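Here are the chains, one letter per residue:
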Amino acid sequence: LNAYLYAIPAAKTNADIVKLMGNIDYAGPIGMYISPDPADPTKYVVNITQGGLGMPVRDYYLNKGEKFDAYRTAYKAYVTRIFELIGDAEPAKSADAVIALETKLATVHWAPEKQRDVQATNNPVDRAGLKKMIPAIDWDLMLPVSGLGEVQHFVVNETTALRDGAKLLDTQTVAAWRKYLAFHIASDNAASLPKAFDEASFNFFRKALSGQEVQRDRWKRGIGLLDGLIGEGVGELYVAKY
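The model shown is predicted, which means the values in this text are computed figures rather than measured ones. (Residues numbered from 1 in each chain as written. Predicted model: local features only at pLDDT ≥ 70, side-chain atom pairs only at ≥ 80, totals over all residues. Heavy atoms only, no water.)

**Q** Would you mind showing me how to read the sheet that holds strand 3 (residues 123-126) here?
**A** Two pairing modes exist for strands in a sheet, parallel and antiparallel, and in both the strands are linked by backbone hydrogen bonds. On the basis of which strands lie adjacent, the open sheet formed by 4 strands has the order 1-2-4-3 and mixed pairing. If you trace the sheet from one side to the other, it starts and ends with strand 1 (30-37) and strand 3, each paired once. The average undirected angle you get between the axes of adjacent strands in this sheet is 35 degrees. For strand 1 and strand 2 (residues 40-50), the ladder comprises 8 bridges, and the chain directions are antiparallel. Within the sheet, the bridge partner assigned to Gly 31 lies in strand 2 and is Thr 49. The strands touched by helix 9 (residues 159-171) within the sheet are strand 1, strand 2, strand 3 and strand 4 (153-156), with strand 2 carrying the most contacts at an inclination of about 45 degrees. (Pairing = 2+ DSSP bridges. Helix = DSSP H or I, 4+ residues; strand = E, 2+ residues; numbered from the N terminus. Axes fitted to C-alpha atoms, helices over the stretch in contact; angles between N-to-C directions. Contact = heavy atoms within 4.5 Å.)

Printed below as a string of structure tokens:
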């Protein structure tokens with residue numbers, strides 16, 4: 001984890017932040033994934049999608065009521081705990097900065113039901129069209145870091161959410177984005193980090209959000225990890241033997 005954390009303070013400008021976010025391991029308001037092209041399923045296409053929230057969807061940040069208040073209280077405790085574990089000097093203050101930034105991002109995100117509109121999320125563009133649609137991102141800086149520097153065809157998903165979420169790179173401070181990146185690189189990899197990180201992640205995502213009282217046995221989670229990573233290969237060995 002330290003190699004990723006140590007790279008963050010070196011980001012002094014908006015361009016530095018964008019370049020870090022081009023690394024697939026870091027979080028950001030822009031997500032990228034590869035899938036079959038809706039226009040030609042025999043080919044793959046790079047999709048640009050909204051991202052960057054620590055809680056599952058925008059509702060957890062914006063909805064009113066005791067249930068969502070409880071989720072937000074638990075999230076504040078979780079983010080603070082992660083900052084404590086990575087040695088942040090002011091963990092509660094840093095947590096407030098991250099949650100405030102994510103809440104701004106949530107306000108422009110598309111709701112889950114709108115994301116399920118396959119026509120609204122299918123917006124093919126070339127490189128020039130991508131720059132015009134989401135101008136706040138320096139794509140010539142971000143895409144090469146992602147290994148996508150030569151790609152010329154994209155499908156943009158949540159158009160307005162991406163446009164307005166990217167604007168936050170200019171309106172929010174570099175210091176706030178550095179805190180954001182530090183929290184997410186630790187939180188997103190908590191299951192692979194020492195036990196205290198894993199327990200903090202379980203207590204929020206599984207216990208507070210889902211009501212799961214007890215963590216699955218470590219060996220069961222290990223098998224699940226292997227199945228997800230090399231399940232097909234293990235299946236071939238099983239079939240060959242049995």
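**Q** For this particular structure, what's the right way to read the packing of aromatic side chains?
**A** Between two aromatic rings, the relevant description is the distance of the centres plus the angle of the planes. Tallied over the full model, the rule gives 15 aromatic pairs. Seen in terms of ring centroids, Tyr 75 and Tyr 78 are 6.5 Å apart; in terms of plane orientation they differ by 35 degrees. Their pairing is tilted. Of this pair, Tyr 75 and Tyr 78 both sit in helix 4 (residues 66-85), 3 residues apart, which is roughly one turn of the helix. By relative accessible area, Tyr 75 is classed as buried at 1%. For Tyr 78, a relative accessible area of 3% gives the class buried. Judged by centre distance (6.2 Å) and plane angle (35 degrees), the ring pair of Phe 83 and Phe 183 falls under tilted. Note that Phe 83 is positioned in helix 4 and Phe 183 in helix 10 (residues 174-187), a separation of 100 residues in sequence. In this pair, the class of Phe 83 matches that of Phe 183, namely buried. Of the aromatic side chains, those joined through ring pairs into one cluster are Tyr 61, Tyr 75, Tyr 78, Phe 83, Phe 183, Phe 204 and Phe 205. Lying over the aromatic face of Trp 110, Lys 114 brings its terminal NZ or CZ to 4.1 Å of the ring centre. (Phe/Tyr/Trp six-rings, centres within 6.5 Å; stacked < 30°, edge-to-face > 60°. Buried < 20%, exposed > 50% of the residue type's maximum accessible area, 1.4 Å probe, protein only. Lys NZ or Arg CZ within 6 Å of the ring centre and 35° of its normal.)

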